[in-house]
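Letter by letter, the chains look like this.
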Amino acid sequence: MVTSKAALVAGLTLAGQASAALQPITMKGTKFFYENGTQFYIKGIAYQQDAAGAGGETTTGTFKDPLADAAACKRDVPIMAAAGTNAIRTYAIDPTADHSACMALLDAAGIYVISDLSEPSTSINRDDPRWDVTLYKRYTAVIDEMSKYSNVIGFFAGNEVSNNATNTDASAYVKAAVRDSKNYIKDNVKRWMGVGYAANDDAKIRSEMAHYFNCGNQSEAIDFWGYNIYEWCGQNTIQGSGYQDQIDFFKNYSVPVFFAEYGCNIPNGADGRIFEETTALYSDAMTGVFSGGIVYMYFEEDNDYGLVKVSGNTATPMKNYQKLKTNVLAAKPSAVELDAYKPTNEPAECPDVTSNWQVTGDALPPTPDESLCECMYNSLTCVPNSSVKPTAYGELFGVVCGNDPAACAGIQGNVSTGVYGSYAMCNSLQQLGYVMDQYYKNQKYASTACDFNGQASANGAAKADPTCSAALKSAEAANAVAATATAGSGNGGTGGTSGGAAATSSSFASPLAMKSFFTVADMAVGMYVVVAMGVGAGMVML
């Protein structure tokens, strides 16, 4: 008998509605709990195809939403459930897709979801960090979609974004995303849903990274910490694998910590994994600090980390799946009841700015505000001509900011001092209009100061919307501070600098951050802009 896809989805959805929804998960101190007060440990599997390489990244820019394929979920959910799985991690979902069938199947199987908020083409890029309106819309759309389901624990605002000492500036933008995602949930969702970060295991920055995301105002800090760790390979021990070092480090952490990915495939590939670390993870030696973990990954692919081989509509568990299943089902972690648990750990101190860590804990990039950006652009007296292509933006930024750096203060951000222009979160066109207009004003509206070789013109239709006036005045006050700011204070003091230079994102002083001004289409002109900035003062604009 042939069953239509629509009928399959409807049937699965009804089946899920017929069963009681899973209790929402909440957190207290360093632990997760079911709503009824029983402690919850994550026994998870990473569930997404084409998440190339450990770390869940993809080089193609495309992804397949694993929670929008009802037939695949019907095939795979029973296999995961049979292995004692109670949570999955997804790396990218389409917030416009229908997830009801898969979420009902997961709910009926007792499986929760933690999902990344980004997707490959809309994420915070470690080499080009921004937190802007486009990203904010993406993140909040995922929250809107997934908050419908009680079996969603929360989200990751980033995955291994800062992954070594050369790109720590990106962490400021990820933490801003954490702050704004948490605030959005607080304002729009009637239950707790956490927002965390998944970090890699880089020895030079892992301590600073964990402290940075946990420090300061807790409305801006992570709700949980995910650790992508592949230290335990084959036969090993808690001491020999380095797990004891992690226990010692995180024993004073103030929020839940779990392995967001684990499952080393050395020395014998995926099917040689014996998952001794799984037994250790749920033993008394670790459960006082860690709340479980997520094995990477369900699908066997070219990276050779899979538990299950999928061919067409057939899924075949591998030998290492059986090892994991045995160890997870045998795990009986010690638990504490919610009411009896009295947390004592305090948030970490923010790390100093050093040569290995370039981000102050004193301030974050601004919250994306589409209406403010639109108000600003509509008020400009000098704007780019509509014929100017995005590929030309780089040269124009170089010319304006090279000749008049003060004109660009409102779109820059310095992560080491914590000083950010109000319009750092606007799109490239809006930012270009802003710097052109600032230059025009600084030249006292000279007739030739809004031409840029025919690429801009005075905007006779400029109008300041009365409803925008207060917001624009506030933004300009912040931009005036950004224009005059020099050195930072607080945790970025001289005592901890170790000779490290200040890190500027969206700053023309930094070649890497140059791309922060550009959309994908603009990146081809990045090198030109670096050169333009070097000779900007000698370029003739008038």
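Residues numbered from 1 in each chain as written. Predicted model: local features only at pLDDT ≥ 70, side-chain atom pairs only at ≥ 80, totals over all residues. Heavy atoms only, no water.

The test is simple: UniProt positions are given in the numbering used here, feature names are shortened, and annotations may be inferred rather than shown by experiment.
The name given to the chain in an unreviewed UniProt entry is 1,3-beta-glucanosyltransferase, with the source organism recorded as Neurospora tetraspora. Listed under Function (unreviewed entry) in UniProt, the entry text for the chain is "Splits internally a 1,3-beta-glucan molecule and transfers the newly generated reducing end (the donor) to the non-reducing end of another 1,3-beta-glucan molecule (the acceptor) forming a 1,3-beta linkage, resulting in the elongation of 1,3-beta-glucan chains in the cell wall." You can read under Subcellular location (unreviewed entry) in the UniProt record for the chain the words "Cell membrane".

**Overview of the overall build of the chain**
Note the cut-off: For the purposes of this entry, the term helix denotes a DSSP run of H or I that reaches at least four residues, the term strand denotes a run of E that reaches at least two, and both are numbered from the N terminus. Burial classification: accessible surface area is computed with a 1.4 Å probe over protein chains only, and a residue below 20% of its type maximum counts as buried, one above 50% as exposed, and the rest as partly exposed. Whether two residues are in contact is decided by their heavy atoms: any pair within 4.5 Å suffices.
A count of helices and strands for the chain gives 16 helices and 18 strands. Residues classed as buried in the chain amount to 54% of the 542 residues present. Considering only contacts within the chain whose residues lie at least 6 apart along the sequence, 79% involve residues at least 24 apart.

**What to know about the sheet that holds strand E1 (residues 25–28)**
This is how it is decided: Any two strands between which DSSP finds at least two bridges are classified as paired.
Read from one edge of the open sheet, three strands run E1-E2-E3, paired in antiparallel fashion. One side of each edge strand has no neighbouring strand; the edge strands of this open sheet are E1 and strand E3 (39–40). The pairing of strand E2 (residues 31–34) with E3 spans two bridges and is antiparallel. Bridging from a neighbouring strand, Phe32 pairs with Phe40 of E3.

**Examining the packing of helix H2 (residues 70–82) against helix H3 (residues 100–108)**
Which entries qualify depends on this criterion: Angles here are taken between N-to-C directions and fall from 0 to 180 degrees, while the axes themselves are lines fitted to C-alpha atoms, restricted in helices to the stretch in contact. Angles below 35 degrees are treated as roughly parallel, those above 145 as roughly antiparallel, those between 65 and 115 as roughly perpendicular, and all remaining angles as oblique. Crossings are assigned a handedness: left-handed for a near helix turned anticlockwise from the far helix by less than a right angle, right-handed for a clockwise turn. By the convention adopted, Pro, Cys, Tyr, Trp, Phe, Met, Ile, Leu, Val and Ala count as nonpolar, Lys, Arg, Asp and Glu as charged, and the other residues, Gly among them, as polar.
It is the contact of H2 with H3, at a shortest axis distance of 8 Å, that shows an interaxial angle of 15°. Judged by the angle between their axes, H2 and H3 are roughly parallel. The handedness of the crossing between H2 and H3 is right-handed. Where H2 approaches H3, its residues Ala70, Cys73, Lys74 and Val77 are matched on the opposing element by Ala101, Cys102, Leu105 and Leu106. Across the contact of H2 with H3, the residue classes break down as seven nonpolar, no polar and one charged.

**Quick notes on the state of the cysteines**
Two cysteines, two sulfur atoms, one covalent bond between them: this is a disulfide. To keep it simple, the criterion reads: Cysteine sulfur atoms that pair up within 2.5 Å are treated as a disulfide.
With the rule as written, the count across this model stands at seven disulfides. Put simply, Cys215 and Cys350 are joined by a disulfide, and their sulfur atoms are 2.0 Å apart. Across the S-S bond linking Cys215 and Cys350, the dihedral sits near 90°, which makes this disulfide right-handed. With Cys215 in the loop between helix H6 (206–214) and strand E9 (224–228) and Cys350 in the loop between helix H11 (319–330) and helix H12 (370–378), this pair connects stretches of sequence that are 135 residues apart.

**Brief notes about the confidence of the model for the chain**
Formally: Residue-level confidence of the predictor is what pLDDT reports, using numbers from 0 through 100.
In this model, the chain carries an average pLDDT of 86, and 84% of its residues clear a pLDDT of 70 or more. Below pLDDT 50 for its whole length, residues 1–19 participates in 17 contacts with residues either more than four positions away or in separate chains. A low-confidence stretch, residues 486–501 (pLDDT under 50), is modelled with 27 contacts involving residues beyond four sequence positions or located in other chains.

**Topic: the environment of Ser241**
Put simply, the rule is: Side-chain atoms alone can form a polar contact between residues adjacent in sequence; in general such a contact is a pair of N or O atoms within 3.5 Å, and within protein one must be able to donate a hydrogen while the other accepts it.
With respect to the helices and strands, the residue Ser241 is situated in helix H7 (residues 238–241). Placed 11 residues apart in sequence, Ser241 and Tyr230 show a C-alpha to C-alpha distance of 9.2 Å. Setting aside its immediate chain neighbours within four residues, Ser241 contacts Glu231, Trp232 and Asn236. Here the side chain of Ser241 touches Ile238 through a polar contact of 3.3 Å, landing on its backbone oxygen.

**Concerning the environment of Ser100**
Residue position: Ser100 is located in helix H3. Note: C-alpha distance between Ser100 and Leu67 (33 residues apart in sequence) is 8.4 Å. Polar contacts involving the side chain of Ser100 include one to the side chain of Asp98, which spans 2.7 Å.

**Quick look at the pairing of strand E6 (residues 112–116)**
Side chains on a regular strand alternate between the two faces of the sheet. The condition is simple: Call a crossover right-handed when, viewed with both strands pointing away from you, the route from the first strand across the helix to the second goes clockwise.
For E6, the buried fraction is high: five of the five residues fall into the buried class. Burial of E6 is two-sided: the residues Tyr112, Ile114 and Asp116 facing one way and the residues Val113 and Ser115 facing the other way are all buried. In this structure, strand E5 (residues 87–90) lies alongside E6, joined through four bridges in parallel fashion. Within the sheet, the bridge partner assigned to Arg89 lies in E6 and is Ile114. Read as a crossover between parallel neighbours, the route from E5 over H3 to E6 is right-handed. Here E6 runs beside strand E7 (residues 152–159); their pairing, made up of four bridges, is parallel. Bridging from a neighbouring strand, Val113 pairs with Val152 of E7. A crossover connection joins E6 to the parallel E7 through helix H4 (residues 133–146); in handedness this β-α-β unit is right-handed.

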